[in-house]
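Architecture and fold: a report
Each chain, letter by letter, is given below.
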Amino acid sequence: PVMLHAKNRSLREETYKAYLSRASDGDIDNTVVIKRILELRKEMAQLLGYSCYAEVSLAAKMANLDQAKQLLEELRMASYDAAKQDMAEVKAFAKDNGFDEELRHWDVNFWAERMREAKFDVNDEILRPYFPLPQVMDGLFELVNKLFGIQVEPADGMTPIWNKDVRFFKISKNGETQSYFYYDPYSRPDEKRGGAWMDEVVGRSKVLAPAGSSVRLPVAHMVCNQSPPIGDAPSLMTFREVETLFHEFGHALQHMLTQQEEGLVAGIRGVEWDAVELPSQFMENWCYHKRTLLGFAKHWETGEPLPDELYQKLLNAKNYRAGTMMMRQLHFACTDLGLHSDYDPAVHGSIYDFENTIAETTMILKPLPTDRFLCSFGHIFAGGYAAGYYSYKWAEVLSADAFSAFEDAGLEDDDKITETGIRFRDTVLSLGGGRAPELVFKDFRGRDPSTEPLLRHSGLTTA
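The structure presented is a predicted model; accordingly, all values stated were derived computationally and were not measured. (Residues numbered from 1 in each chain as written. Predicted model: local features only at pLDDT ≥ 70, side-chain atom pairs only at ≥ 80, totals over all residues. Heavy atoms only, no water.)

It is worth spelling out the overall build of the protein at this point. Across its full length, the protein holds 20 helices and 5 strands. In summary, the protein has a C-alpha radius of gyration of 24 Å against a globular reference of 23 Å for 463 residues, a match within 12%. Principal-axis analysis of the C-alpha atoms places the extent of the protein at approximately 65 × 60 × 45 Å. Buried residues in the protein amount to 50% of all 463 residues. Of the contacts made within the protein by residues no fewer than 6 positions apart, 69% connect residues no fewer than 24 positions apart. Just so you have it, the protein exposes about 21,800 Å², and 51% of that area is on carbon and sulfur atoms. With 51 positive and 70 negative side-chain charges, the protein shows a spacing of 1 Å between the two charge centroids. (Helix = DSSP H or I, 4+ residues; strand = E, 2+ residues; numbered from the N terminus. Rg over C-alpha atoms; globule rule 2.2 N^0.38 Å. Buried < 20%, exposed > 50% of the residue type's maximum accessible area, 1.4 Å probe, protein only. Contact = heavy atoms within 4.5 Å. Areas by Shrake-Rupley, 256 points an atom, 1.4 Å probe, with all protein chains shown as cover. Lys, Arg positive; Asp, Glu negative; His and termini not counted. Charge placed at Lys NZ, Arg CZ, Asp CG, Glu CD.)

Here is the structure:
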């Protein structure tokens, strides 16, 4: 909030510099720790017969090292000029609004947010009345019925629940039950952490089939944290909450529609790290498909559909500063892969020297000399993303390319959409971790993934 909204420029500068120098001084300087982590990871890779740690990490993923690097470079080349243009537009906007000084790191996001407000601001409170939860759920269930030929029905009362607001649903295909899921929609800060997630209750399994059944059916749970109903009004959602619901349901579908009967590779189990977000991000695309969105985005009191002006603002805001956002993620991903593959202290100097070298081609405003972001880059030094940060973009490429199959078929041709959806169901959603993800993708798409749909959807190339 400070960097986006604080009018006090000195406060923004102080906050920016403090944030980028966390854990980099005195007894809590992580520089030595990072150096040792990188040494140990390289040593481990060599003991396992690999040339670098990145090869170890990617051995269990969909992409190999060359493919990951190629992907990042393709996206970088397509996005760099757009990021430069983004910066030029922010500078011009700031100048037009009375800012005559040099635009520094702590100024960019502040003025970019002012420009976003001027161009695309869509207030959550204006949108909420068009997204009552029951209506959104109905729209989601109608969509998956059309795409995947499945029926989602309430099954409340079949099983105990942990809160009165929790719902229970059954999924059927051709009259045969496929799976079940719990949905816990509302925020309860006293007993529930924030955010949204999906996970399994039980997975599909032939070995663990109950007596009298050939297979144990999968059960999932989806948890969100939106506002509960107030008075006579239903729970009214922000557009981001709608996207989140579609996202988590994509994960749930991969768990619930699996046809794998070996539990260790059924559903979301055993799916490679860089492929697991494909179904979830794929489902998000439908939130921007006009016919789908306007099918359920109706004012809860008047029944009026979402005005076209608001729809266009949502569409335009989606790609605001897309080049900048792309380059930010590419910088992190390139730094991560580089440190775990190419980095040699004897050749490249310190980790900060190495990052600055990468920044020459990934950042428009180069890092400050005091930038020590790496000291707090927990994703790759304290989380599960070591030599795996690229997977954010890899998954976006997969999901955009999957959605483009429906574009190729014709988004207004229901028969073609259903035909393509059934193919998606019977490959991506059905095969789980029992088949290599590159083969699953080829089964669906008929070819290797392409970056073109993601770049096109992001407004970074012409259609």
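After that view, the rundown keeps rolling.
By convention here, two paired aromatic rings are described through the distance between centres and the angle between planes. Scanning the entire structure with this criterion turns up 37 aromatic pairs. Plain terms: the ring middles of Phe120 and Tyr320 are 5.6 Å apart, the flat faces sit at 70° to each other, and that makes the pair edge-to-face. Separated by 200 residues along the polypeptide, Phe120 in helix α6 (residues 105-120) and Tyr320 in the loop between α12 (308-318) and α13 (322-339) bring together distant segments of the chain. Overall, Phe120 belongs to the buried group, its relative accessible area being 15%. For Tyr320, a relative accessible area of 15% translates into the label buried. The rings of Phe148, Phe282, Trp286, Phe403, Phe406, Phe424 and Phe444 are connected pair by pair, giving a single aromatic cluster. (Phe/Tyr/Trp six-rings, centres within 6.5 Å; stacked < 30°, edge-to-face > 60°.)

At their nearest, the axes of helix α2 (residues 9-19) and α6 sit 8 Å apart, and the two run at 115° to each other. Judged by the sense of rotation from one axis to the other, the crossing of α2 with α6 is right-handed. Listed contacts from α6 to Arg9, Arg12, Glu13, Tyr16 and Lys17 of α2 are His105, Trp106, Asp107 and Phe110. (Axes fitted to C-alpha atoms, helices over the stretch in contact; angles between N-to-C directions. Left-handed = near helix turned anticlockwise from the far one by under 90°.)

On to the sheet that holds strand β4 (residues 197-202), then. Spatially, β1-β2-β3-β5-β4 is the arrangement adopted by the 5 strands of the open sheet, whose pairing is mixed. Two strands close off the open sheet at either side, each with one partner strand: β1 (150-154) and β4. Each strand of the sheet is rotated relative to its neighbour by a mean of 25°, with strand direction disregarded. Pairing geometry for β4 and strand β5 (residues 219-226), over 5 bridges, is antiparallel. Note on β5: the bridge partner recorded for Asp199 is His221. Sheet strands in contact with helix α9 (residues 239-256) are β1, β2 (167-173), β3 (176-186), β4 and β5, and its direction is about 170° off that of β5. (Pairing = 2+ DSSP bridges.)

With that settled, consider helix α5 (residues 65-96). If you check α5, its first and last C-alpha atoms are 45 Å apart, about what 32 residues at 1.5 Å a residue would give, namely 46 Å. The axis of α5 is deflected most strongly, by about 35°, at Ser79. Measuring from the side-chain oxygen of the N-cap residue of α5 to the backbone nitrogen of Asp66 gives 3.2 Å; that N-cap residue is Asn64. Once α5 ends, the next one or two residues include Gly98, with phi positive near 90°. (Expected span 1.5 Å × (residues − 1). Bend = angle between axes of the 7 residues up to and from the residue. Polar contact = N/O pair within 3.5 Å; in protein donor to acceptor, adjacent residues only side chain to side chain.)

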